[in-house]
Amino acid sequence: MYAQVIDSGGKQPKRPDDLSAEEKAFMQRIDANEKIEPKDWMPEGYRRTLIRQIGQHAHSEVVGQLPEGNWITRAPTLERKAILLAKVQDEAGHGLYLYCAAETLGVSRDDLIQRLLAGDMKYSSIFNYPTLNWADIGAVGWLVDGAAIMNQVALQRTSYGPYSRAMVRICKEESFHQRQGYDIMMKMAQGTPEQKAMAQDALNRFWYPSLMMFGPPDSDSVHTAQSMAWKIKINTNDELRQRFVDQTVPQAEYLGLTIPDDNLRWNDERGEYDFTQPDWEEFWQVINGYGPCNRERMDARIKAWDDGAWFREALAEHGKKRAQRQAKAVNA
Ligand code: 3HC
């Protein structure tokens, strides 16, 4: 079953005096904002952390197709259907770029997928929540893609070259996704009282799970300190969560919808909103495999993998025959 608490080696960064000569040279490059490329020397922990993060990110893109794919056949108009189809296809593309970025670190895509299917790798908690009606598709685009962009814009400056470059294109596409979600919410918020109530209900259900996407509070984050020292992460989980709240509240006000948080208020002193934290107990439950849709999502991925067996075999067979033909041509 998906997700477990894996000991992925999170710890505090080494003190400068404890670094080897290679590690010191590596940290100088990081401090100078140089990109690290696949063939460059890198600490084993840096490589492992990237494989974990990029792999989980890739899995999230692919699993993220499921809650939305569910609505392609039920989109209310042909135009909405075409837009949603394009969006879901983009997510597959994001998964592909990210698996390719991870492969530059010496791990195969098949291996990453096997680790996901065996429950040894995570994907984003958000995709374990159901999309119950069309307004949820709006809320997912607006909030979930909005949260994803907030995190990923910063990752364009991550220290690993292939990951940062993948992020540039992904962010462009994610902003289109976010706008299509906001557009759905706008239509519904300006529609009949029943449609507006649906939009409000979707916001109520997706608000706190969206806040959870940024990860646990900094005080409980295992990896942040080391990942920030390596510039794999550029901001802490709490910093990005705060930015997301500050950006989203005015958007909700423009829609005429209410963020489901009685404690939400502008704090003049801090220049940002005070807000209620999500239920962190629920977050740990979800990432440990007990969210509303964990089983359904994993079953769907396992079925997709099994259903694709004939195609992978055919591709391998084709590759073998092509190599044989090429070898014959060279020897002829
Ligand atoms: N869902 C599932 N697991 C999560 C999580 C979440 N929202 N947030 C944290 N975790 C896990 C971590 O993976 C880690 O577990 P592990 O040690 O077994 O890997 C544990 O909780 C502790 O969290 P940390 O804060 O120490 O972990 P990180 O430093 O890795 O920070 C993160 C978490 C901010 C999500 C970071 O990994 C990150 O920035 N990842 C890249 C972005 C990403 O994966 N986004 C997925 C969003 S969905 C998406 O993009 C699809 C789009 O189409 C909407």
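These figures come from a predicted structure and were not determined experimentally.

## Focus: the confidence of the model for the chain
For the chain, per-residue confidence averages 94 on the pLDDT scale, and 97% of positions sit at 70 or higher. Predicted confidence for residues 1-9 stays below pLDDT 50, and this span has 33 contacts to residues more than four positions away or in other chains.

## Overview of the pattern of salt bridges
The tally for this structure, following the rule as stated, stands at 20 salt bridges. For the salt bridge of Arg 80 with Asp 183, the shortest nitrogen-to-oxygen distance reads 3.0 Å. Taken together, the positions of Arg 80 in helix H4 (residues 78-103) and Asp 183 in helix H7 (residues 161-189) put the pair 103 residues apart, joining distant regions of the chain. Asp 183 gets classed as partly exposed once you look at its relative accessible area, which sits at 36%. Between Glu 272 and Arg 270 there is a salt bridge, and its shortest N-O distance comes to 2.4 Å. Several salt bridges converge on common partners, so that one network encompasses Glu 68, Lys 87, Glu 91 and Asp 145.

## Notes on the nonpolar core
Counting residues in hydrophobic clusters, the biggest one holds 80 residues, and the most contacted among them are Tyr 46, Ile 54 and Tyr 160. For this core, the element with the highest residue contribution is helix H6 (residues 134-155), accounting for 11 residues. Aside from chain neighbours lying at most four places away, what touches Tyr 46 is Phe 26, Ile 30, Ile 36, Ser 159, Tyr 160, Trp 230 and Ile 232.

## Comments concerning helix H5 (residues 109-117)
Three or more residues of H5 are buried, namely Leu 112, Ile 113, Leu 116 and Leu 117. The arc that holds the buried residues of H5, viewed along the axis, is 135 degrees, so those residues lie on one side. Positive phi appears at Gly 119, one or two residues downstream of H5, with a value of about 85 degrees.

## What about empty space enclosed by the protein?
The full count for this structure, using the stated rule, is 1 cavity of 30 Å³ or more. In terms of lining residues, the largest cavity is bounded by Pro 67, Ile 126, Phe 127, Tyr 129, Thr 131, Val 140, Val 144 and Phe 206. Class assignment for the residues of the lining of the largest cavity results in 7 nonpolar, 1 polar and no charged.

## Considering the packing of helix H2 (residues 44-63) against H7
Remark: H2 packs on H7, axes separated minimally by 13 Å, with the N-to-C direction vectors making an angle of 25 degrees. With respect to H7, the element H2 is oriented roughly parallel. When you trace H2 past H7, the crossing you get is left-handed. Facing H2, whose interface residues are Leu 50, Gln 53, Ile 54, His 57 and Glu 61, H7 presents Tyr 163, Met 167, Ile 170 and Glu 174.

## Some remarks on a nonpolar patch on the surface
A cluster of nonpolar side chains, Trp 310, Phe 311 and Leu 315, forms an exposed patch at the surface whose accessible area comes to about 380 Å². Take Leu 315: it is sitting in helix H13 (residues 309-331).

## A closer look at the state of the cysteines
Considering all chains together, one arrives at 0 disulfides under this definition. Unpaired in terms of disulfides, Cys 171 finds its nearest cysteine sulfur in Cys 100, a separation of 18 Å. A residue is classified by how much of its surface remains accessible, and Cys 171, at 7% relative accessible area, is buried.

## What about the packing of aromatic side chains?
Throughout the structure, instances matching the rule amount to 11 aromatic pairs. Ring centres of Phe 26 and Trp 41 lie 6.0 Å apart, and the angle between their planes is 80 degrees; this geometry places the pair in the edge-to-face category. On the criterion of sequence distance, the pair formed by Phe 26 in helix H1 (residues 21-31) and Trp 41 in the loop between H1 and H2 is long-range, its members being 15 residues apart. Classification of Phe 26 as buried rests on a relative accessible area of 2%. An aromatic cluster is present here, built from Phe 26, Trp 41, Tyr 46 and Trp 230 joined pairwise through their rings. Its end group placed over the ring of Trp 71, Arg 74 keeps NZ or CZ at 4.1 Å from the ring centre. Taking NZ or CZ as reference, Arg 312 lies 3.5 Å from the ring centre of Trp 305, over its face.

## Description of the packing of helix H12 (residues 294-307) against H13
Where H12 meets H13, the axes come as close as 4 Å, and the angle between the chain directions of the two elements is 40 degrees. Judged on the interaxial angle alone, H13 and H12 are oblique. Between H12, through Trp 305, Asp 306 and Asp 307, and H13, the contact on the second element is made entirely by Ala 309, Trp 310 and Arg 312. When grouped by side-chain class, the residues that make up the contact of H12 with H13 number 3 nonpolar, no polar and 3 charged.

## Comments concerning the environment of Ser 108
Structurally, the position occupied by Ser 108 is in the loop between H4 and H5. As a C-alpha pair, Ser 108 and Arg 80 span 28 residues in sequence and 36 Å in three-dimensional space.

## So, the environment of Arg 270
Checked against the element boundaries, Arg 270 lands in the loop between strand S1 (265-267) and strand S2 (272-274). A distance of 2.4 Å separates a polar atom in the side chain of Arg 270 from a polar atom in the side chain of Glu 272.

## Observations concerning helix H8 (residues 193-212)
Taking 1.5 Å per residue, 20 residues should reach 28 Å; H8 reaches 30 Å between its end C-alpha atoms and fits that length. Of all the residues in H8, the buried ones are Ala 199, Gln 200, Ala 202, Leu 203, Phe 206, Trp 207, Pro 209, Ser 210, Leu 211 and Met 212. Looking at the buried residues of H8, the elements they touch are H6, H7, helix H10 (237-255) and helix H11 (280-290).

Cut-offs and rules
- Residues numbered from 1 in each chain as written.
- Predicted model: local features only at pLDDT ≥ 70, side-chain atom pairs only at ≥ 80, totals over all residues.
- Heavy atoms only, no water.
- pLDDT = per-residue confidence, 0-100.
- Contact = heavy atoms within 4.5 Å.
- Salt bridge = Lys/Arg side-chain N within 4 Å of Asp/Glu carboxyl O.
- Helix = DSSP H or I, 4+ residues; strand = E, 2+ residues; numbered from the N terminus.
- Buried < 20%, exposed > 50% of the residue type's maximum accessible area, 1.4 Å probe, protein only.
- Core = buried A, V, L, I, M, F, W, Y, C linked by side-chain atoms within 4.5 Å.
- Arc of directions from axis to C-beta.
- 1 Å grid on protein atoms, 1.4 Å probe; cavity = no way out; pocket = protein on both sides within 12 Å on 5 of 7 lines; lining within 4 Å.
- Points joined across faces, edges and corners; volume = space filled by probe spheres on them.
- Nonpolar A, V, L, I, M, F, W, Y, C, P; charged D, E, K, R; others polar.
- Axes fitted to C-alpha atoms, helices over the stretch in contact; angles between N-to-C directions.
- Parallel < 35°, antiparallel > 145°, perpendicular 65-115°, else oblique.
- Left-handed = near helix turned anticlockwise from the far one by under 90°.
- Patch = residues over 30% accessible without salt bridge, like charges linked within 9 Å, V, L, I, M, F, W, Y side chains within 5 Å.
- Areas by Shrake-Rupley, 256 points an atom, 1.4 Å probe, with all protein chains shown as cover.
- Disulfide = S-S within 2.5 Å.
- Phe/Tyr/Trp six-rings, centres within 6.5 Å; stacked < 30°, edge-to-face > 60°.
- Lys NZ or Arg CZ within 6 Å of the ring centre and 35° of its normal.
- Polar contact = N/O pair within 3.5 Å; in protein donor to acceptor, adjacent residues only side chain to side chain.
- Expected span 1.5 Å × (residues − 1).

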